[in-house]
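Overview (structure and organization)
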Amino acid sequence: MNEIYSIRPLWVVLISLCAVPLIISTKRPNLRETWTILAGVLKLALVLSMLPDVLSGSSFSFNILTLFPGLPFRLRVDPMGLIFALVASFLWIVTSLYSIGYMRGLKEHSQSRYYAFFAIALSSTMGIAFAANLLTLYIFYEILSLSTFPLVTHHQDQEAKASGRKYLVYLLGTSIGLVLPSMIYLYMRFNGLDFRFGGFVPAGGANLPLNIACLLLVFGFAKVAIMPLHSWLPAAMVAPTPVSALLHAVAVVKAGAFSVVRTILFVFGEGFLEGSWARPTILFFASATVLIGSLVALYQRELKRLLAFSTIAQLSYIVLGAAMLTEHGVKGGILQLAMHAFGKITLFLGAGAIFVATGKKLVDQLEGLGRTMPFTFGAFFVGALSIIGIPPMGGFLAKWELLLGSCQSQYMGIMGVLLASSLLNVAYFIPLVYRAFFPSFPVEGKIREAPLFCLLPMLATALFTILLFFFPYPFAQLISGLWSQLLGG
Amino acid sequence: MDSILEFIVGRYNYWLYILLMMIGLYAMISKNNLTKKIVGMNIFQTAIILFYISIGFKKGGTIPILEHTSHAVEVSHFVNPLPHVLMLTAIVVSVSTFGVALALAIMIYREHGTLEEDEILKCLEQ
Amino acid sequence: MSGTMTYHFSVILVTFGLLLSFITYAMTWIKRSLCLPFAVLSIGFLSYCSFSLFILVIERGPFEYYLGGWPPPIGIAYYIDELNAFLSLLVYLVALINLLCNRERFLEKQGDRIGGTMALYILFITGLNGILLTADLFNLYVLLEIASLTGYALLAIGDKRQAPFASLNYVFLGTIGACFYLLGVGYLYIKTGSLNMQDVSRLITQIPKSPTILSGFIFILIGIWIKMGLFPFHIWLPRAYTNTFGPISSLIAPLGTKVMAYVIFRVILFVFGKEFSFEIYSLGHVATLFGVAAILYGAITALRQTDLRRMLCFVVITEIGYIVAGLGVGNINAIRGSLLHLLNDVAMTFCLFLSADHLIVNTGTKIEELKGVFQKTPFGSSIYVLASLSVIGIPPSPGFFGKWYLLQGSLEAQNFWVFGAILLSSLLNTVLFFRTFEEGYYHHTESPSYGPKKTSLSAYGGILASGLLVVLMGLLAHPIVGHIVDPFLLRARLP
């Protein structure tokens, strides 16, 4: 495996940051949004340009600064980071297009600020994807928390204030209170925090401080919303829908899941976790989150909250997959990171489209809307099927791998959890869609399909959800590459 | 008994400076009038000046000016001039502190019409 | 300029500082409007001297400068190393930026007394600079009094009702502090007969267990702790810094306490020595105790404040607590963290007070009056947010690096009190600052005329420069540790 020293990863991170001054200084909305889209396209192009090399087994790296002795501020593009970067940068373009329709449709205030912070959030997401060590990841993780704060509280009303508070208390509280001490402990002990597939912590899972450090890291990355540190996510649903869509289906929560996967596979690794008690603890909490999250979703009346709880449950799939430490489990977990992103963003965009077109937020109000908004609900249906894990949707592949993985592992109970959760998913999604198309009472007219800017991105992501089932090539290839690295190294 | 007496009497300069210092500190802490506090502060500073002066002094020593340098100089015949010189500076400092404090007191008096601390505090709380 | 000339800058900084301040005042007799530009030029010149001195030290290593060519112990020596040269540069930079930034406000407030104000301003920083550079214990006292006396006078500018009274309180406590220091020096002199730091430190090692030395040690320590505002000797600090004129608070709050904190390190590591302070007098426990108490007290009391600047004063008290606690932990990483935090804190506190002052001018002194200020002055607010995040310790801001070393050091020493206190105070500071952010951020109005008060370009420039200083200190944390802090620790014979 050869390493290419290149500034390209830094450009990927910086490009949306460079767009920020342009976005702020531009007075005309059209131009401002052009900058956003342009930066998005450039970013995706740069990420794609690294794909062939990474597929062929090399990785890009770039040292920015030295922070502490033996601990540089360093970017490194490996297959796993590239998967995340691909998903996030692609979906950023989609969401930007959608934002234009949504924000203009609702005549939201402070749109420049909105686009600017969106760009910063994306930059830090890329940073998380490409971070070469735990500290670099942590730095971008914190910037992501802070830059999404103005997005979550965009409405600047009392409700936003309460939610914003919760958001910060959970995210900053855990990162300062749990991640930081654990990170310092690991640095003190191993004089470095560079990610290495298989972990840099030596084998031997009985060590008490290391077990604690592992749990502190996994729970400290509260963006992954493992219960009991999940309640910021439903609260953050006060944000405008594109924010919920991109951040709370893709960037923020996936950044958390990504960090946890990095922790499990690249910091501690199989050798350590095999015999540790941290691993069963993680598996237990993740399983509980899967089941409870799905159950709670059943009882939600507000569509976005329902989706939030569904997200909480689905995120723990990724944690489960990684913590299984089997080939298929890990593959499934990482696939889930990508597949769930496409499925869930479709659902969120659908929820937003419904809100823009009709102003309706509650589940009961959706009855019969499928007739008047067939495209929106068609896409919504595709997203829901993908989350449930029914072929031919991308979500099926991830779930299949996860189930295989649980067969391989010593924890067969996980299979039960996954299956039960799938049933629960069916229970909360299918009636919803069914009633939208087949209302129990006749619905009056006057409701039209959502604006084109909202509709097209949604249809695109729905299409991709299906396409990814048939052509999972880049993702599957990257994941296999990752796995072979472990076997090779 | 003798040793205790000796301990006390032999170091009377230290006892005196501590006494003076405590008087100053007492005035600064317990007096209500700002002018009295300022005077207390000055006493406090003076105590330290005396302390320095006394540590430079030697019994039977004279002023450290050499008239004839032909014969060997016996150090114990002269008091140590350095602490005394240092205290010249310290006196200047203490005078300036006194001046600044008085100037501030005047500013306070012009604003509040009183120098009693409790009255000023009452005035500030409103 | 030739190399030998640059050596003389060490004394020129102090003597010219004194001289220039009087010339600045004398300008009043010619033309009053000349005072401020002349003060700017003077500080500019001194900054240049300080900068060349810093470059010299970095290139050729630390050196001693004998005043008038008299070698110690007879003469007074100045000792210039990387750390105090850098700190001195920071002092001048802060003073320069602060003056440029608040030019109009000084003229507006002190228009008819601008000459005197500027003279005090220059004297103050000259005093601080002397404290940093001198290697003579008594010289330090004199310069400390120069800085203090001018500080008292400067702090009395401001709210007429409150400021003089607060300042007088500070005079009382400050004088006690300085006198204690002087007393301590006297005790050392009794035993060693010398005032030169190096000389004293050499002589002390021969009489390690003398009670006289111990008394000197305690008096000096308490004296400096009073001057640096360490809990529970901090009582003067909030009141004095809160009620003063804004631009003065942004000068004195970052500099005064930090320079005194530097003196602590200088005295403990270079006069008494590490073994002496830590092993014989177990300073570690005492400093840990005071440091942790200061951290917790500052962090918790800050939460109760309703006045923005007063709240920041308690943040300063917390920061002082970090520095002392790190010293108390006593291993290399903790002391490294303390010193790094000291340097960073100059930039952070300066930026914080300067930008907070900008917000206060636009709204009011109370936190609840900040409503909507983010929309009103987005630029000043964003710098305020930057400085706050740095104080909280969000990476890659400078505050993060100091805290990292402190945490690492306390973890290595298994000093969980310090470890926990730092983490807790970071969390409390998060709550604290986000409370002010909330006030500023929510409360959106649509009216387009809702802009900042007329602010000159130089004021914006100053705020921006202070922000840049913070960012730079963060990005350069590693070189600062490597080239400035570590050589200092090496000479202090910390491993």
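Higher on the page you've got the structure.
Residues numbered from 1 in each chain as written. Chains lettered and ligands numbered in written order. Predicted model: local features only at pLDDT ≥ 70, side-chain atom pairs only at ≥ 80, totals over all residues. Heavy atoms only, no water.

Right, let's get into the interface of chain C and chain A. On the chain A side, the residues contacting the 27 residues of chain C number 38 residues. Together chain C and chain A conceal approximately 2,900 Å² of surface at their shared face, both sides included; 79% is due to carbon and sulfur atoms. The largest per-residue losses of area from chain C upon contact with chain A belong to Trp404, Tyr441 and Tyr442 of chain C, which jointly make up 25% of the total buried on that side. The interface formed by chain C and chain A holds 1 salt bridge in total. Connecting chain C to chain A are 5 residue pairs in polar contact (both at pLDDT 80 or more). Secondary-structure elements contributing two or more residues to the side of chain C that touches chain A are helix 17 (378–392), helix 18 (398–412) and helix 19 (416–441) of chain C. Here the side of chain C that touches chain A is composed, by residue class, of 18 nonpolar, 6 polar and 3 charged. (Contact = heavy atoms within 4.5 Å. Buried area = accessible area lost by both parts, 1.4 Å probe. Salt bridge = Lys/Arg side-chain N within 4 Å of Asp/Glu carboxyl O. Polar contact = N/O pair within 3.5 Å; in protein donor to acceptor, adjacent residues only side chain to side chain. Helix = DSSP H or I, 4+ residues; strand = E, 2+ residues; numbered from the N terminus. Nonpolar A, V, L, I, M, F, W, Y, C, P; charged D, E, K, R; others polar.)

Once that is clear, we can look at empty space enclosed by the protein. Residue and element names in this part refer to chain C. Enumeration over the complete set of coordinates arrives at 5 cavities of 30 Å³ or more. If you trace the largest cavity, you find 15 residues lining it, with Phe124, Leu128, Ser148, Tyr170 and Gly256 closest to the centre. Within the residue set of the lining of the largest cavity, elements represented by two or more residues are helix 5 (114–133), helix 6 (137–155), helix 10 (236–243) and helix 11 (246–272). For the lining of the largest cavity, a count of residues per class yields 10 nonpolar, 4 polar and 1 charged. (1 Å grid on protein atoms, 1.4 Å probe; cavity = no way out; pocket = protein on both sides within 12 Å on 5 of 7 lines; lining within 4 Å. Points joined across faces, edges and corners; volume = space filled by probe spheres on them.)

In this section: the layout of surface pockets. The method is simple in principle: a probe with the dimensions of a water molecule rolls over the atoms, and the space it marks as empty is what remains. Of the voids in this model, the second largest pocket is the one considered here, and its volume is about 680 Å³. The wall of the second largest pocket is formed by 23 residues, among which Met107 of chain B together with Gln110, Arg113, Ala153 and Ile157 of chain C lie closest to the centre. Sorting the residues of the lining of the second largest pocket by element identifies helix 4 (81–112) of chain B together with helix 1 (3–30), helix 4 (103–110) and helix 5 of chain C as the ones contributing at least two each. Element by element, the count of residues in the lining of the second largest pocket is highest for helix 4 of chain B, at 7 residues.

A cis amide bond links Met227 of chain A with the next residue in sequence, Pro228 of chain A, at an omega value of 10°. Among the secondary structure elements, Pro228 of chain A is positioned in the loop between helix 7 (208–220) and helix 8 (232–235). At the junction of Pro72 of chain C and Pro73 of chain C, the peptide bond is cis and its omega measures out at 10° in the coordinates. Relative to the assigned elements, Pro73 of chain C resides in the loop between strand 1 (63–66) and strand 2 (77–80). In this model, Gln156 of chain A sits at a positive phi of 55°, which is unusual for a non-glycine residue. For Gln156 of chain A, the location among the structural elements is in the loop between helix 5 (134–152) and helix 6 (158–190). In this structure, Leu325 of chain A is a non-glycine residue whose phi angle is positive, near 65°. Relative to the helices and strands, Leu325 of chain A resides in the loop between helix 11 (303–324) and helix 12 (327–358).

Let us now look at helix 18 of chain C. Across its 15 residues, helix 18 of chain C extends 22 Å between first and last C-alpha, which sits within 8% of the 21 Å expected from 1.5 Å per residue. Trailing helix 18 of chain C by a residue or two, Gln414 of chain C shows a phi angle of about 55°, which is positive. (Expected span 1.5 Å × (residues − 1).)

We now examine the interface of chain B and chain C. Between chain B and chain C, the residue contacts involve 38 residues of the former and 30 residues of the latter. Here chain B packs against chain C, burying approximately 3,000 Å² in sum over the two surfaces, 80% of which is carbon and sulfur. Across the contact surface, chain B and chain C share 0 salt bridges. For the pair chain B and chain C, the number of links is 6 residue pairs in polar contact (both at pLDDT 80 or more).

Once that is clear, we can look at the pattern of salt bridges. Residue and element names in this part refer to chain A. This model, assessed by the stated rule, comprises 17 salt bridges over all chains. In this structure, the salt-bridge partner of Glu3 is Arg76, at a minimum N-O distance of 3.4 Å. Of this pair, Glu3 sits in strand 1 (residues 3–5) while Arg76 sits in strand 3 (residues 71–77), and the two are 73 residues apart along the sequence. For Glu3, a relative accessible area of 39% corresponds to the partly exposed category. Using a relative accessible area of 16% as the deciding quantity, one classes Arg76 as buried. We note a salt bridge from Arg279 to Glu274, for which the minimum N-O separation is 3.5 Å. Look at Glu274 and you get partly exposed, because its relative accessible area is 40%. (Buried < 20%, exposed > 50% of the residue type's maximum accessible area, 1.4 Å probe, protein only.)

Right, let's talk about the packing of aromatic side chains for a bit. Geometrically, a pair of aromatic rings is defined through the distance of the ring centres and the angle of the planes. For the structure shown, the criterion picks out 68 aromatic pairs over all chains. Between the aromatic rings of Phe106 of chain C and Phe245 of chain C, the centroid separation amounts to 5.7 Å while the plane-to-plane angle is 75°, which identifies the pairing as edge-to-face. One end of the pair, Phe106 of chain C, is in helix 4; the other, Phe245 of chain C, is in the loop between helix 10 and helix 11, and 139 residues separate them in sequence. Residue classification places Phe106 of chain C among the buried positions, given a relative accessible area of 0%. Ring pairing ties together the aromatic residues Phe149 of chain A together with Phe374, Tyr384, Phe433, Phe434, Phe437, Tyr441 and Tyr442 of chain C, which thus form one cluster. A cation over an aromatic ring shows up here: Arg262 of chain A above the ring of Phe266 of chain A, its NZ or CZ 4.6 Å from the ring centre. Sitting over the ring of Phe270 of chain C, Arg266 of chain C keeps its end group 5.8 Å from the ring centre. (Phe/Tyr/Trp six-rings, centres within 6.5 Å; stacked < 30°, edge-to-face > 60°. Lys NZ or Arg CZ within 6 Å of the ring centre and 35° of its normal.)

By themselves, these figures tell us nothing about what the structure is for.
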